[in-house]
Each structure stands twice: as C-alpha cells, then as structure tokens.
Amino acid sequence: IQKIYNLIDKKKFAFAEKTANLILKRNPNNSQIFDLIGDIYDQQNQPMKSIWYYFSSLDRKFNNKTLFKLGTNIFYLGKYDIAEKILKSILENDPTFISAYLTLALIHEEKGNIEDAIACYEATIGLNSKELVAYLNLASLYKKNKNYLDAIKVYQNAMINIPNNHYILSNLGNLFYSQHKY
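What counts, and where the lines are drawn
Residues numbered from 1 in each chain as written. Predicted model: local features only at pLDDT ≥ 70, side-chain atom pairs only at ≥ 80, totals over all residues. Heavy atoms only, no water. Helix = DSSP H or I, 4+ residues; strand = E, 2+ residues; numbered from the N terminus. Buried < 20%, exposed > 50% of the residue type's maximum accessible area, 1.4 Å probe, protein only. Contact = heavy atoms within 4.5 Å. Areas by Shrake-Rupley, 256 points an atom, 1.4 Å probe, with all protein chains shown as cover. Core = buried A, V, L, I, M, F, W, Y, C linked by side-chain atoms within 4.5 Å. Expected span 1.5 Å × (residues − 1). Arc of directions from axis to C-beta. Phe/Tyr/Trp six-rings, centres within 6.5 Å; stacked < 30°, edge-to-face > 60°.

A. Region of the structure containing the overall build of the chain. Of the regular secondary structure elements, the chain holds 11 helices and zero strands. Secondary structure elements in the chain, listed N-terminal to C-terminal, are α-α-α-α-α-α-α-α-α-α-α. Overall, the chain is about 65 × 30 × 25 Å in size when its C-alpha atoms are taken along their principal axes. When each of the 182 residues of the chain is scored for burial, the buried share is 43%. Across the chain, every contact between residues at least 6 apart in sequence was considered, and the portion connecting residues at least 24 apart equals 42%. As presented, the chain carries roughly 10,500 Å² of accessible surface, and 53% of it is formed by carbon and sulfur atoms.

B. Main features of the environment of A151. Note that A151 resides in helix α10 (residues 148-161). Through-space distance from the C-alpha of A151 to that of I107 is 20 Å; in sequence the pair is 44 residues apart. Once residues within four sequence positions are removed from consideration, A151 is found in contact with A139, Y142, K143 and L175.

C. Spatial organisation of the environment of N171. With respect to the helices and strands, the residue N171 is situated in helix α11 (residues 166-179). When its relative accessible area of 24% is taken as the criterion, N171 is described as partly exposed. Here the alpha-carbon distance between N171 and F13, two residues 158 residues apart in the chain, equals 37 Å. Ignoring sequence-local partners within four residues, the contact set of N171 consists of L136 and Y155.

D. Looking closely at the nonpolar core. Core analysis: the biggest nonpolar cluster contains 42 residues, and L70, L87, I90, A100, Y121, L138 and Y155 have the highest contact counts within it. Elements with a minimum of two residues in this core: α4 (47-60), α5 (64-76), α6 (80-93), α7 (98-111), α8 (114-127), α9 (132-144), α10 and α11. Residues in contact with A100, not counting those within four places in the same chain, are F68, L87, I90 and L91. Judged by nonpolar contacts, the second largest core, of 14 residues, contains I8, A20, I33 and I40.

E. Spatial organisation of α6. Between its first and last C-alpha, α6 extends 20 Å over 14 residues, near the 20 Å set by a 1.5 Å rise per residue. For α6, every residue scored as buried is listed here: A83, E84, I86, L87, I90 and L91. Burial along α6 is one-sided: seen end-on, the buried residues are contained in an arc of 165°. Exposed and facing more than 90 degrees away from the buried side of α6 are K85, E92 and N93. Structurally, α6 contributes buried residues whose contacts are with α5 and α7.

F. Expanded view of the packing of aromatic side chains. Per the counting criterion, the structure on display carries seven aromatic pairs. Ring geometry for F34 against W52: centres 6.2 Å apart, planes inclined by 55°, an arrangement best described as tilted. You can see F34 sitting in helix α3 (residues 31-43) and its partner W52 sitting in helix α4, a full 18 residues away along the chain. Each ring, one from Y41 and one from Y53, has its centre 5.6 Å from the other, and the planes form 25°; the classification is stacked. Of the two residues, Y41 sits in helix α3 while Y53 sits in helix α4, which places them 12 residues apart along the sequence. Of the residues examined, Y41 reaches a relative accessible area of 6% and is grouped as buried. Through pairs of rings, three or more aromatic residues link up here, namely F34, Y41, W52 and Y53.

Rendered as structure tokens:
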C-alpha cells in the first residue's frame, strides 16, 4: 500500500489505480484499499469517485480519518448540510480532530454562520496553539467582516505562539498598512 502512495506522490495515478484495483480484486473486503483508491481520485480532483471509495471503505471498517475525507469531498461538492453532519459526527467521536474543526469552520463561513465559524477556529487554536491555518483563517474572517481590531488581536496571539512566521507578519503588516495604523 505504501508503494502505491509513493506512486500517488509522483503523480503516477494510472499505474497506482491499476495496481490498487489488482489488490482489491484479490481482497475485496480490505478497507485500506478502498481508502487508497479514494485518495487516488481525491488527488486527481475527482470528488464523486473518491466519495464512493471512501464510503465503501467505511462500509467495511469505520474510522474517523476516512469519514473526514468523505465529509471534505462532500463539502467540495457544495453539499454543506451533509458535510456538516458528517464532520459533527466525527467531533462527537473525537473532539480533538483538528482537521474536522477547520473544515467545519469553512462550512459555517459558506453558510454565513460567522459565530459558529469563529467558535470552530477558536476550538482549533485551543487544541493546538501552533495551528497556523486557524489563525490565518480566523483573522481573515474578522477582516472580511470589517472587525479589524479582533483580526489584529488574532495575529498578535499567533505571533506569540508561532514567532517569526512570515505569513503572520506579512498579513499583520498588510492589515496595519490598510488601516494606516503604523
């Protein structure tokens, strides 16, 4: 299986898919192979195919990682309510699953539930104070809603927890410049 993932990393999707399907024919109940084929299609931006394989993997053996991949691909298809239910179920099973909080925050943003999105980003930061994406997305959300002081506070907290990060410094500098607070 790891060799096939190496093929995926090298963008040799056709060979990876062919090899994975040969293994699947020999062992049709192996959930890892279904998950692997789902990853092959996911890397090729084919969410409909990847969803089927992730679902088939879950049908054979449940795990939060595969369920997250399924929920994320459903989100990419714009099926926000279904993706939200899936991600919330993951968090019920594992309230420390950071990626689920981050994707759920994006869903809330898309649906206009800004307070829920903020809560997801803050939960992520509470679980891992070095999660750069959470800081950047939270500050961006505040900026979109013209809440510049809270965006600055987020960047300041990020600087404390992730010092000398050029993304944080650049975004904070741009925010100061745009607000003429220098």
